[in-house]
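Here's the letter readout for the chains.
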Amino acid sequence: MPTIPIFVNGGLVTSKDASLLAQGELTVANDAEYRPNDPGIWKMGGRSALMSSAEASSIYGGVLLPFESSALYVLGVGTTLRQASATAITGMSFSNLVTGLTGGTSLDAVHWNSKYYLLNGVDRNREVASDGTVVIHGMLDNTVSPSVGSTGSGTGFTLTSGATVVYWVEERVKSGTTVLKRSGETGSYTVTLTGTGALVKPVVTRPAVVNSDATHWALFGTATNVTFPTGFEIGEVAIATATIEDTRTGTDPAAPSGSAYEVVSVDIAGTTQNVAKHGQAPISSTGDLFEDCLCLDDSTDHSLIKFSFYNEPHAVPAINVIKMATKERDYVTLIRRLGQILIVGMKESLWHVNSLPQAEDAAFQPGRMSDQIEGAHGVVGPMAADLFSFGQGVRLAYVSTYGVHVTDGYTWDDLMDDIDFASLVNISRLPYSILRNNPAKYRLEFYFTPSGGTANTRVMYLHYHPSHAKTGIGGGFRAKITGPNQCEASAAFGGRISNVFYQFTAASDFKVYVEGQGNTDASPAGGIDFSVRTGDKYFPGQGGMSRITSIGAHHNAAAGQTGTLRLIRRVEGKVDVDTSAVIVLDRRETTSSGREANGENYQFGIENSDSSGAVRVDYFAASYDDFGGTTY
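Per-chain numbering applies: the sequence of each chain, read as written, is numbered from 1 onward. Whole-chain, interface and lining totals are the exception, using all residues; otherwise, since this is a predicted model, local features are given only for residues with pLDDT of at least 70 and side-chain atom pairs are given and counted only at 80 or more. Neither water nor hydrogens contribute to the side-chain values; these are computed over all heavy atoms in the structure.

Enquirer: Describe empty space enclosed by the protein, listing the residues and the values that go with them.
Expert: In the cavity and pocket records, a cavity denotes points on a 1 Å grid over the protein atoms alone where a 1.4 Å probe fits but cannot get out, a pocket denotes an open set with protein on both sides within 12 Å along at least 5 of 7 lines, and lining residues are residues with an atom within 4 Å of a point. Grid points are joined across faces, edges and corners, and a volume is the space filled by probe spheres set on the points. Tallied over the full model, the rule gives 2 cavities of 30 Å³ or more. Taken as a whole, the largest cavity holds about 60 Å³ of empty space. What lines the largest cavity is simply Tyr60, Leu81, Leu101, Leu107, Leu118, Leu119, Asn120, Asp123, Arg124, Asn125 and Arg126. For this scheme, ten residues count as nonpolar: Ala, Val, Leu, Ile, Met, Phe, Trp, Tyr, Cys and Pro. Four count as charged, namely Asp, Glu, Lys and Arg, and the remainder, Gly too, count as polar. Across the lining of the largest cavity, the residue classes tally to 6 nonpolar, 2 polar and 3 charged.

Right, here's the structure in full:
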């Protein structure tokens, strides 16, 4: 009557029949997790409320912004961005950071020079500084031409018949004497003064202000018979002042004496083009910093990547565009820097950008900067990817329509082929799924809408610590998987507070919760129902019979808790028989029950609902006798 251990260290496998599972692989691993260097399986941790009161509406996104000496929680809630100083993980009270927005379905953040750029894909991007100051990213281009009169109060100049001077305006945001950002001019909204040989005293009236945050505006003009954009500043006034006079004198004046209008000059197919340096920044849902340029998608044309001028994120020249042209109708869903390359995820494909075209290049060739990594497994949404490392360098994990994949920027692989993905998820809701790295737990956390569901209410854990590495088909790296675990997540984000990493999720009660805190569930996610079940075990081999005389589970000391030990026996042509017994988990030991059963193969399981302590199961232990009869 041998007693053998039946391990639980192989992770969940639903992509093949239970009779084909290897030692340790599981058919059920609900509300469960693995921990580094531990082959046992644990009941998942609880969650506690981050905030003292609920928000007014659903939370569609969240980020933790770690500044040099402080950190800030930011939530996307309806038409507002909400903030709280990230000094604790409980009792937080949030206040308005930005109001009057349209809203969004996701929230991304890009760091540059101690500032963060917040992207929700619907409203203009916001720049947030460490002191909580918020600035709109970039400025809108002018869309109306100024007007020019010739009856100023100065000396004036003579413009010969048919000669021209071109004027345009630039709105500015200034702090003291420093210009923080400028508007752009495409050349479509200039005004031209044409000479008649008479003396003129030009006065230019700005059009209606385009940028609500503008503090000043400047007037630019050309020398006689020179065209836009070769111009120089004539003057600058506060935004409330409507006019600026051109005080040049003489006949057919030379260029104004002020600073030159800032342009970017590029050579495209042998033709030089000059465009305004301070072009309009796009509205974006995803982006990253690459080669000291802010790289963003564009909500008005999802086939484009736009990038800022070097080291100036508010300046986005109109020429700084990479068009991701594909054979199929595709669009950009994700932008992430990975080492020395930029990954561009599209809905149906995956690309990398080796470098950004720059104005100083011999030829400006944005179309030759990208290479395709994969042509059928793209990224489903802006929140469905994250960087991680399993000891072979930094990788990007991402969710496609067919599973969770990984890329080094040149090749890709499937992290989740142990799972029957199509039966697990609601495919139509995948664009709202979230994939987050939890480095403290060495796992990727995939928050999704289950098949038949209408909201993200489940999470799968992909454990990538070396102690949980698996080898897939063809030798590729695979993560051991647990779940689906109950967890609501309209948003999920993580970060370090006082050098400790925390993961946060937003629930249907409009609150944010801290994951893995304690053992009870303070959220409305549905409690914690730990359930583990093995694959089929054939003790005498396929077709033979055996008699189970005792089963048990080796577990940790979980004082005051019990577990329901489950045995399922199977015989050809018969109905499966499921029996259970409650065992006490007070001591670290193998606790047995007197279950007896005859069968061809068996599954072993244990269940434990939400309670006050952590539960770990190391293995099941089964004592059995072989016999050749067919008694049931």
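After that view of the structure, there is still more to cover.
Enquirer: Which residues make up the packing of aromatic side chains, and what values go with them?
Expert: Working definition: rings of Phe, Tyr and Trp (its six-membered ring) pair if their centres are within 6.5 Å, and the pair is stacked with planes under 30 degrees apart, edge-to-face with planes over 60 apart, and tilted otherwise. The final tally for this structure, using the stated rule, is 21 aromatic pairs. Ring centres of Trp168 and Phe228 lie 4.8 Å apart, and the angle between their planes is 85 degrees; this geometry places the pair in the edge-to-face category. One end of the pair, Trp168, is in strand 17 (residues 164-175); the other, Phe228, is in the loop between strand 22 (216-221) and strand 23 (232-238), with 60 residues separating them in the sequence. The classification of residues rests on relative accessible area computed with a 1.4 Å probe and restricted to protein chains. Under 20% of the type maximum is buried, over 50% is exposed, and intermediate values are partly exposed. Residue classification places Trp168 among the buried residues on the basis of a relative accessible area of 0%. Ring centres of Phe421 and Phe446 lie 5.9 Å apart, and the angle between their planes is 20 degrees; on these two criteria the pair is classed as stacked. Of the two residues, Phe421 sits in helix 1 (residues 421-424) while Phe446 sits in strand 41 (residues 443-448), which places them 25 residues apart along the sequence. Relative accessible area serves as the criterion here: at 5%, Phe421 is assigned to the buried category. Grouping aromatic residues by their ring pairs yields a cluster made of Tyr73, Phe94, Phe493, Tyr502 and Phe504. Over a ring means this: the NZ of a Lys or the CZ of an Arg is within 6 Å of the ring centre and within 35 degrees of the ring normal. In this structure, Arg35 packs its charged tip against the face of Trp42, placed 3.7 Å from the ring centre. Per the convention used, a helix needs a DSSP run of H or I reaching at least four residues, while a strand needs a run of E reaching at least two, with both numbered from the N terminus.

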